[in-house]
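Geometric and topological summary
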Amino acid sequence: MMDWTDRHCRYLHRLLSGQTLLYTEMVTAPALVRGGALHLLEHSPEEQPLALQLGGSDPGELAEAARLGVQAGYGEINLNCGCPSDRVQSGTFGAVLMKDPARVSECVAAMRLAVDAEITVKCRIGVDDQDPETVLPEFLSRIIAAGCERVTIHARKAWLQGLSPKENRDIPPLDYDLVYRMKQLFPNLHISINGGITSLTQACGFLDGGLDGVMIGRAAYHQPADILSRADTEVFGDPGGSSAEDAVRAMLPYMEAHLAGGGRLHQVTRHMLGLFAGRPGARGWRRALSEGAHRQGAGPELVEQALEALLALAADPQPV
Ligand SMILES: Cc1cc2nc3c(=O)[nH]c(=O)nc-3n(C[C@H](O)[C@H](O)[C@H](O)COP(=O)(O)O)c2cc1C
C-alpha cells in the first residue's frame, strides 16, 4: 500500500505470520527501468514469500521491470490494474487499464516471456460507466489467454473522475457476488477477493464459499495482530505465527541493525502502533512509540520499555 507499507512493515508482518503472501506497494516500471531506482526493490529474504507489484502499461518496459524484480529475488510479479490516483492515470496505468484489456494481455504476455516467476494481476470489477458483468469476464478471459493463472479482484469499481483514491476504496459499492460468479465462469483461475474484509472469520467465509484466496489491506495494517498472528492457525492450519509480544521482541535486533545503517527508529515503529489494538495498554503503547520514536537518538530500548509497561498493565489492569 503506497505511502503505508514498506520493507520494515513487511518484516514485521512476516514475523506475525509465516504463511500469508505479502505484496510490495506498487513500484512503477518507468521508475525502475528509466529512472534506475533499484533501491525500490530492496527487501530482506526473511520477507518471503513476497510478490512485487508493478505499475505500468508498456509491455517492453514491464518485461524489463519484471526481469529486474526477479533478479532482486521476488517470486511473483503482480500487475496493478486497480489504482485510480491521478498520478497513475496520467501515466496510463492502474485502474484505467480496465478499459484496455488487449493492452493488459500484451503486458502479461511480455512479462511471462521475460521471466520464470508467476505473473499475476490485481484489478477492479470495472471503472466509470462500464458494466462489470460484461467487462470483467472479457478482461479475465484476455489475461488468462496471455498466461495469467492468478488474479486478485478488488470487488468494487473505481470512478476515475470525481473521487479521491481514498474515496475510491470506500464509496463505489462492493459486489462480492460478482467475484463468486467469476469463479464459476473461470473455475481454473485462482481468484482472490479483496475489499472491505476486516476479519479472519469473514475471510474464511469466502474460502469456504469456493474462492481461492483473500487479500486484506487496511485491516491487516491497522490491526496486524488480529489478522496476521491468527492467520497461520485459522486459515492455513499451521501452528506458526508469532504473538504481538514475540514479534516486538524479534523486531529489537532489526531496529538495532536499521539504526546502525543510519536509519531512524520511527521508520520502523510507525508500522507497530496498532499491534496491541483493543488490548489494555494499547493507548500508552501507541503514545510511547509515536511521541518517543521521533526523538533524536531514540533506540530499541524505548520499544522494550513500552512493551514492559503494556505487559505490566495487562498483568495488573487496575494500576494505582
Ligand atoms: C494507503 C493505501 C495505499 C494503497 N496502495 C496500493 C498499491 O500500491 N497497490 C494496490 O494494488 N493497492 C493499493 N491499495 C489498495 C489496497 O490494496 C486494497 O485494494 C484496498 O484498500 C481495499 O482493500 P481493504 O478494504 O482490505 O483495504 C492501497 C490502499 C491504501 C489504503
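What counts and how
- Residues numbered from 1 in each chain as written.
- Predicted model: local features only at pLDDT ≥ 70, side-chain atom pairs only at ≥ 80, totals over all residues.
- Heavy atoms only, no water.
- Near = heavy atom within 4 Å.
- Polar contact = N/O pair within 3.5 Å; in protein donor to acceptor, adjacent residues only side chain to side chain.
- Nonpolar A, V, L, I, M, F, W, Y, C, P; charged D, E, K, R; others polar.
- Domains from an automatic or database assignment.
- Contact = heavy atoms within 4.5 Å.
- Buried area = accessible area lost by both parts, 1.4 Å probe.
- Buried < 20%, exposed > 50% of the residue type's maximum accessible area, 1.4 Å probe, protein only.
- Helix = DSSP H or I, 4+ residues; strand = E, 2+ residues; numbered from the N terminus.
- Pairing = 2+ DSSP bridges.
- Right-handed = clockwise from strand over helix to strand, strands pointing away.
- Expected span 1.5 Å × (residues − 1).
- Patch = residues over 30% accessible without salt bridge, like charges linked within 9 Å, V, L, I, M, F, W, Y side chains within 5 Å.
- Areas by Shrake-Rupley, 256 points an atom, 1.4 Å probe, with all protein chains shown as cover.
- Salt bridge = Lys/Arg side-chain N within 4 Å of Asp/Glu carboxyl O.
- Lys, Arg positive; Asp, Glu negative; His and termini not counted.
- Charge placed at Lys NZ, Arg CZ, Asp CG, Glu CD.
- Phe/Tyr/Trp six-rings, centres within 6.5 Å; stacked < 30°, edge-to-face > 60°.
- Axes fitted to C-alpha atoms, helices over the stretch in contact; angles between N-to-C directions.
- Core = buried A, V, L, I, M, F, W, Y, C linked by side-chain atoms within 4.5 Å.

A separate point is the site of the ligand. Around the ligand there are 16 residues in total, and Gln53, Lys122, Asn194, Gly196 and Arg218 lie nearest to it. Methionine 26 is positioned with one of its backbone polar atoms (N or O) 3.0 Å from an oxygen atom of the ligand. Within the backbone of glycine 196, an N or O atom sits 2.7 Å from an oxygen atom of the ligand. For the shell around the ligand, the per-class residue count stands at 5 nonpolar, 7 polar and 4 charged.

Domain parsing of the protein yields domain 1 (7-234) and domain 2 (244-315). Its C-alpha centre places domain 1 at a distance of 30 Å from the equivalent point of domain 2. Contact with domain 1, which involves 14 residues of that partner, is made by 14 residues of domain 2. Both sides together, the interface formed by domain 1 and domain 2 hides about 1200 Å², and carbon and sulfur atoms give 68% of it. The largest share of the area that domain 1 buries against domain 2 comes from His8, Leu12 and Tyr221, three residues that together contribute 45% of it.

Residues in a regular strand project their side chains so that they alternate between the two faces of the sheet. For strand S5 (residues 150-154), the buried fraction is high: 5 of the 5 residues fall into the buried class. Neither face of S5 is exposed, since Arg150, Thr152 and His154 on one face and Val151 and Ile153 on the opposite face are all buried. Judged from the 3 bridges that link them, strand S4 (residues 118-123) and S5 form a sheet pairing that is parallel. Across the sheet, residue lysine 122 finds its bridge partner in S5, namely threonine 152. Tracing the backbone out of S4, into helix H6 (residues 132-145) and back to the parallel element S5 gives a crossover that is right-handed.

All right, on to H6 then. With 14 residues, H6 should cover 20 Å at 1.5 Å per step; its first-to-last C-alpha distance of 19 Å lies within 8% of that length. Taken together, the buried positions of H6 are Pro132, Val135, Leu136, Pro137, Phe139, Leu140 and Ile143. Looking at the packing, one finds that the buried side of H6 touches strand S3 (76-81), helix H5 (101-114), S4, S5 and helix H7 (176-185). One or two steps after H6, the chain reaches glycine 147, where phi turns positive at roughly 110°.

Before going further, it helps to spend a moment on a negative patch on the surface. A cluster of like negative charges, contributed by Glu256, Glu301, Glu304 and Glu308, occupies part of the molecular surface. A per-element tally of the negative patch places helix H14 (residues 300-315) first, with 3 residues. With respect to the helices, strands and loops of the structure, glutamate 256 is situated in helix H11 (residues 244-260).

Tallying each qualifying case throughout the model produces 5 aromatic pairs. When the centroid spacing of 5.1 Å and the interplanar angle of 40° are considered together, the rings of tryptophan 4 and tyrosine 221 count as tilted. Separated by 217 residues along the polypeptide, tryptophan 4 in the segment before helix H1 (7-16) and tyrosine 221 in helix H9 (residues 218-222) bring together distant segments of the chain. The interplanar angle of 25° and the centroid separation of 4.0 Å between the aromatic rings of tyrosine 11 and tyrosine 254 together place this pair among those described as stacked. Taken together, the residues span a long stretch of sequence, with tyrosine 11 in helix H1 and tyrosine 254 in helix H11 at a distance of 243 residues. For tyrosine 254, a relative accessible area of 13% puts it in the buried group. Members of the aromatic cluster, each reached through a chain of ring pairs, are Tyr176, Tyr180 and Phe206.

Bringing the sheet that holds strand S6 (residues 190-194) into the picture now. Strand order in the open sheet formed by 7 strands is S1-S2-S3-S4-S5-S6-S7, and the pairing between neighbours is parallel. The open sheet has two edge strands with one neighbour each: strand S1 (22-28) and strand S7 (213-215). This sheet shows a mean twist of 25° between the axes of neighbouring strands, independent of strand direction. Of the strands in this sheet, strand S2 (50-55) and S3 are in contact with helix H3 (residues 59-71), which crosses S2 at around 155°.

Another aspect to go through is the nonpolar core. Most often, soluble globular proteins keep nonpolar side chains buried together rather than apart. The biggest cluster of nonpolar side chains holds 63 residues, and the ones touching the most others in it are Val121 and Leu140. Once residues within four sequence positions are removed from consideration, leucine 140 is found in contact with Val151, Ile153, Met182, Phe186 and Leu189. Of all hydrophobic cores here, the second largest spans 28 residues; its members include Val268, Trp285, Ala298 and Val303.

A few words on the environment of tyrosine 74. Within the secondary structure, tyrosine 74 sits in the loop between H3 and S3. C-alpha separation for the pair tyrosine 74 and histidine 43, spaced 31 residues apart in sequence, amounts to 9.2 Å. When neighbours within four sequence positions are excluded, tyrosine 74 is seen to be in contact with Arg10, Thr24, Leu40, Leu41, Glu42, His43, Gln48, Leu50, Ala51, Leu52, Gly69 and Ala117. A distance of 2.8 Å separates a polar atom in the side chain of tyrosine 74 from the backbone oxygen of leucine 41. A distance of 3.2 Å separates polar atoms of two side chains, one belonging to tyrosine 74 and the other to histidine 43.

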